[in-house]
Amino acid sequence: MTRTMTLHPGKWHPRYLFNRLSQGLRGQTTLKIGLALVLTWLLIALLAPWISPYDPMYQDLGARLAPASFSHPLGTDNFGRDILARIIWGARIDLQICVLGVLFPFLAGTIIGALSGYAGGWLDAVVMRVIDIILAFPFLVLMLAIITIVGPGLTGFFIAMTLVGWVSYARLVRSRVLILKQSDFILAAQSLGFSRSRILLRHLLPNVITDALVFSMSDAVLVLLNGAAISYLGLGVQPPLAEWGVMVTEGQGFITTAWWITAFPGLAIVLLAMGFSFIADGLGEKHGTTRGG
């Protein structure tokens with residue numbers, strides 16, 4: 001009799017990862033909808049050169065303010081540029097705003113919050129006073145002030161988001177670290193003589209990072225809306241680049257005669273924001289965390 005041996009896929013095998021993902025999404029309807037929306041926009045952004053019907057910068061003055069038609073499914077703007085093409089290419093910039101606008105504050109806030117909560121003492125006191133000062137100013141007003149100093153554009157926006165947005169992550173991570181550092185497994189690690197850096201990196205951070213990741217999904221909605229607001233005010237992405245907030249701004253003067261210039265980019269912003277919001281809700285339900293900072 002010969003024995004047959006069943007080969008199990010390795011930890012990083014695509015089939016293993018797919019099975020784990022399927023198990024994690026089982027029963028998570030909200031999370032599935034959110035992932036579907038975000039991944040759809042991501043796919044659109046990646047395939048923009050192949051699926052866009054026109055160059056987003058191409059101007060056809062003979063087709064200015066044209067309504068939806070076979071040639072231009074979503075109409076054209078006041079320069080004759082195709083709205084669908086500009087929305088497709090704009091997905092690249094707006095996804096970049098969401099990802100980088102969350103990544104930098106997430107990294108800075110997580111590191112500062114973890115160090116502040118674990119070290120305590122004068123470092124914690126200084127960090128908390130800085131947080132109180134930043135929170136004393138309205139979020140958008142402080143961002144506008146920083147962008148005015150740094151200069152308009154995506155670079156100024158990312159700098160402003162980092163300098164203002166890290167406080168929410170720092171407060172969240174700090175509060176979790178303050179609770180966990182009194183737990184039995186941390187006290188046991190200290191009694192075994194583990195270094196402070198090892199305890200922080202290998203025992204505390206892995207247990208607090210999930211809450212920060214869940215919050216980052218809801219924060220992506222705020223970042224997207226702030227990016228659109230900053231572009232609307234003329235301090236974000238500069239024309240003629242195809243960005244949804246810029247498109248809304250350009251169409252406001254034609255809202256009564258060519259409503260599609262503003263409506264369709266606004267709908268794109270809503271759909272992407274809904275995707276990140278659903279992901280945040282789904283992850284919050286799955287891990288038992290709450291949204292907020």
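Peer 1: I would appreciate a short explanation of the overall build of the protein chain in the present structure.
Peer 2: When helices and strands are counted, the protein chain shows 11 helices and zero strands. Order of helices (α) and strands (β) in the protein chain, N terminus to C terminus: α-α-α-α-α-α-α-α-α-α-α. Look at the contacts in the protein chain between residues 6 or more apart in sequence, and 70% of them connect residues 24 or more apart.

Peer 1: Would you explain the environment of leucine 107 in this entry?
Peer 2: Mapped onto the elements of the fold, leucine 107 is located in helix α4 (residues 83-119). By relative accessible area, leucine 107 is classed as partly exposed at 41%.

Peer 1: How should I be thinking about helix α9 (residues 196-232) in this particular structure?
Peer 2: Helical geometry note: an α-helix holds 3.6 residues per turn, so side chains three or four residues apart project in the same direction. A rise of 1.5 Å per residue sets the reference length of α9, with its 37 residues, at 54 Å; its end C-alpha atoms lie only 47 Å apart and thus fall more than 12% short of the reference. Most pronounced at leucine 205, the bend in α9 amounts to some 50°, and the proline proline 206 follows within four residues. One or two steps after α9, the chain reaches glycine 234, where phi turns positive at roughly 85°.

Peer 1: Could you clarify how one ought to interpret the packing of helix α7 (residues 154-180) against α9 in this entry?
Peer 2: When two helices pack together, their arrangement is given by the angle between their axes and by how far apart the axes lie. Put simply, α7 and α9 touch, their axes get as near as 10 Å, and they point 150° apart. In this view, α7 runs roughly antiparallel relative to α9, as classed from their interaxial angle. Classified by chirality, the crossing of α9 by α7 is right-handed. Contacts from Phe157, Met161, Ser168, Tyr169, Leu172, Val173, Arg176, Val177 and Leu180 in α7 reach Leu204, Asn207, Val208, Asp211, Ala212, Phe215, Ser216, Asp219, Val223, Asn226, Gly227 and Ile230 in α9. For the contact of α7 with α9, the class distribution of residues is 13 nonpolar, five polar and three charged.

Peer 1: Please clarify how the packing of helix α5 (residues 121-135) against α7 should be interpreted in this entry.
Peer 2: Where α5 contacts α7, the two axes come as close as 10 Å, and the packing angle between them is 130°. Looking at the two axes, α5 sits oblique to α7. Where α5 crosses over α7, the two elements pack in a sense that is left-handed. Two secondary-structure elements touch here, α5 through Asp124, Met128, Val130, Ile131, Ile134 and Leu135 and α7 through Leu163, Val164, Trp166, Val167, Ala170, Arg171 and Arg174. When grouped by side-chain class, the residues that make up the contact of α5 with α7 number 10 nonpolar, no polar and three charged.

Peer 1: Any chance you could explain a nonpolar patch on the surface here in plain terms?
Peer 2: A surface patch of nonpolar side chains, about 720 Å² in accessible area, is lined by Leu39, Leu42, Leu43, Leu46, Leu47, Trp50 and Ile51. For the nonpolar patch, the secondary structure elements donating two or more residues are α2 (29-46) and α3 (48-51). With respect to the helices and strands, the residue leucine 39 is situated in helix α2.

Peer 1: Can you help me understand the packing of aromatic side chains in this one?
Peer 2: One pair of aromatic rings is described through two measures. These are the centre distance and the angle between the planes. A complete count under the given rule lists seven aromatic pairs for this structure. Arranged with centres 6.4 Å apart and planes meeting at 80°, the rings of phenylalanine 104 and phenylalanine 158 form a pair that is edge-to-face. You can see phenylalanine 104 sitting in helix α4 and its partner phenylalanine 158 sitting in helix α7, a full 54 residues away along the chain. A residue is classified by how much of its surface remains accessible, and phenylalanine 104, at 35% relative accessible area, is partly exposed. Taken together, a centroid distance of 5.7 Å and an interplanar angle of 45° make the contact between tryptophan 259 and phenylalanine 264 tilted. The exposure class of tryptophan 259 is partly exposed, given its relative accessible area of 46%. One aromatic cluster is present, formed by Phe104, Phe157 and Phe158 through successive ring pairs.

Peer 1: Looking at this structure, how should I read the nonpolar core?
Peer 2: Judged by nonpolar contacts, the single largest core of 66 residues is most densely connected at Trp41, Ile87, Met143, Phe157, Leu204, Trp244 and Leu272. Ignoring sequence-local partners within four residues, the contact set of leucine 272 consists of Val38, Trp41, Leu95, Cys98, Leu224 and Trp244.

Peer 1: Which parts of the structure should I look at to understand the pattern of salt bridges?
Peer 2: Two side chains with opposite charge may pair up if their charged atoms get near one another. A complete count under the given rule lists six salt bridges for this structure. The partner of arginine 129 in a salt bridge is aspartate 132, with the nearest N and O atoms 2.9 Å apart. In this pair, arginine 129 and aspartate 132 are both assigned in helix α5, three residues apart and thus about one turn of the helix distant. Exposure remark for arginine 129: the relative accessible area of 47% places this residue in the partly exposed category. Across the pair arginine 176 and aspartate 211 runs a salt bridge whose closest N-O atoms are separated by 2.8 Å.

Peer 1: Explain the side chain of histidine 72 to me, please; I cannot follow it from the model alone.
Peer 2: With respect to the secondary-structure elements, histidine 72 resides in the loop between α3 and α4. Overall, histidine 72 belongs to the buried group, its relative accessible area being 9%. Residues within four places of histidine 72 in sequence aside, it is in contact with Tyr54, Ala63, Pro67 and Asp82.

Analysis parameters
Residues numbered from 1 in each chain as written. Predicted model: local features only at pLDDT ≥ 70, side-chain atom pairs only at ≥ 80, totals over all residues. Heavy atoms only, no water. Helix = DSSP H or I, 4+ residues; strand = E, 2+ residues; numbered from the N terminus. Contact = heavy atoms within 4.5 Å. Buried < 20%, exposed > 50% of the residue type's maximum accessible area, 1.4 Å probe, protein only. Expected span 1.5 Å × (residues − 1). Bend = angle between axes of the 7 residues up to and from the residue. Axes fitted to C-alpha atoms, helices over the stretch in contact; angles between N-to-C directions. Parallel < 35°, antiparallel > 145°, perpendicular 65-115°, else oblique. Left-handed = near helix turned anticlockwise from the far one by under 90°. Nonpolar A, V, L, I, M, F, W, Y, C, P; charged D, E, K, R; others polar. Patch = residues over 30% accessible without salt bridge, like charges linked within 9 Å, V, L, I, M, F, W, Y side chains within 5 Å. Areas by Shrake-Rupley, 256 points an atom, 1.4 Å probe, with all protein chains shown as cover. Salt bridge = Lys/Arg side-chain N within 4 Å of Asp/Glu carboxyl O. Phe/Tyr/Trp six-rings, centres within 6.5 Å; stacked < 30°, edge-to-face > 60°. Core = buried A, V, L, I, M, F, W, Y, C linked by side-chain atoms within 4.5 Å.

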